[in-house]
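Summary of the model geometry
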Amino acid sequence: MTHDPRPIQGAILAGGAASRFGGRPKGLEVVGGVRVVDRLASVIHEALGHAPILIANDPEAAHWDTGLRVAPDVLPGFGALGGIHAAVAHAPAPVVAVAWDMPFVNVTLVRLLAVALMRGHDAVLPASGGRRGMEPLCAAYGPACEPAIRRALERGDRRAIAFHDDVSVAILPLEAVAQAGPPEQLFFNINTAEDLAQAELQWQRGSSAS
């Protein structure tokens, strides 16, 4: 494990078949008047100083009009872990990767993850307060994760945390995550039409409160 001097990149993970969402690209849905993918691109750009890569396998991705560089999975067919691998491989610097169905990820959270990764870890995952305890699809990954993920996939383990034993992993504590907002909102993700409606409601409530 060595400190990587290259600037931290950003990646938006447009993965999944969205079977519970009728197969529609979830990140293209609108929350608070803005497509989720566009909001995340803006958040990551502000947090890190440059536009993220869009990791997408959909053949229509080039026509989504995001203005982002689109790159597919290097190892297709491996779900979420394949997406994380692609983000690390395409960066190829350290990268903060965010799933494109998380409309409430904000600048503060992205910066917290980036700063924590620069302290010398290979991966930094935020504590989520949920059943999994951490959120691998809104996390920071260094270059050492690429071969570790590849080895995990070669042995048939597709879990998003399958490679953690082979790298240095840090968990961003819940109290640190809370500096960015309530974890249950930060990591809220859109899987169904009901989730989309709930996200819009939360967004309107937050706008009213501010």
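Up top is the structure.
Owing to the predicted nature of the structure, the values given are computational and were not obtained by experimental measurement.

Description of the packing of aromatic side chains
Under the definition given, this model contains four aromatic pairs. Ring centres of Tyr 141 and Phe 163 lie 6.0 Å apart, and the angle between their planes is 50 degrees; on these two criteria the pair is classed as tilted. With Tyr 141 in strand S8 (residues 138–141) and Phe 163 in the loop between helix H4 (145–154) and strand S9 (169–172), this pair connects stretches of sequence that are 22 residues apart. Across the pair, Phe 163 and Tyr 141 agree in class, each one buried. Through a chain of ring-to-ring contacts, three or more aromatic side chains come together here, namely Phe 104, Phe 188 and Trp 203.

What to know about the sheet that holds strand S5 (residues 69–71)
An order of S5-S4-S1-S6-S8-S7-S9 is seen for the seven strands of this open sheet, with the pairing classed as mixed. Taken across any chain shown, the strands that pair with only one partner, and hence form the sheet edges, are S5 and S9. Strand-to-strand, the axes of this sheet are offset by a mean angle of 25 degrees, without reference to chain direction. The pairing of strand S4 (residues 53–56) with S5 spans three bridges and is classified as parallel. Paired with Ile 53 across the strands is Arg 69, a residue of S5. The sheet strands contacting helix H1 (residues 36–48) are strand S1 (9–14), S4 and strand S6 (95–99), and the helix crosses S1 at an angle near 165 degrees. On top of the sheet, helix H3 (residues 107–117) reaches S6, strand S7 (123–126), S8 and S9; it is set at about 25 degrees to S8, its chief contact.

Criteria and cut-off values
Residues numbered from 1 in each chain as written. Predicted model: local features only at pLDDT ≥ 70, side-chain atom pairs only at ≥ 80, totals over all residues. Heavy atoms only, no water. Phe/Tyr/Trp six-rings, centres within 6.5 Å; stacked < 30°, edge-to-face > 60°. Helix = DSSP H or I, 4+ residues; strand = E, 2+ residues; numbered from the N terminus. Buried < 20%, exposed > 50% of the residue type's maximum accessible area, 1.4 Å probe, protein only. Pairing = 2+ DSSP bridges. Axes fitted to C-alpha atoms, helices over the stretch in contact; angles between N-to-C directions. Contact = heavy atoms within 4.5 Å.

Remember that the coordinates give geometry; whether it matters functionally is a separate question.
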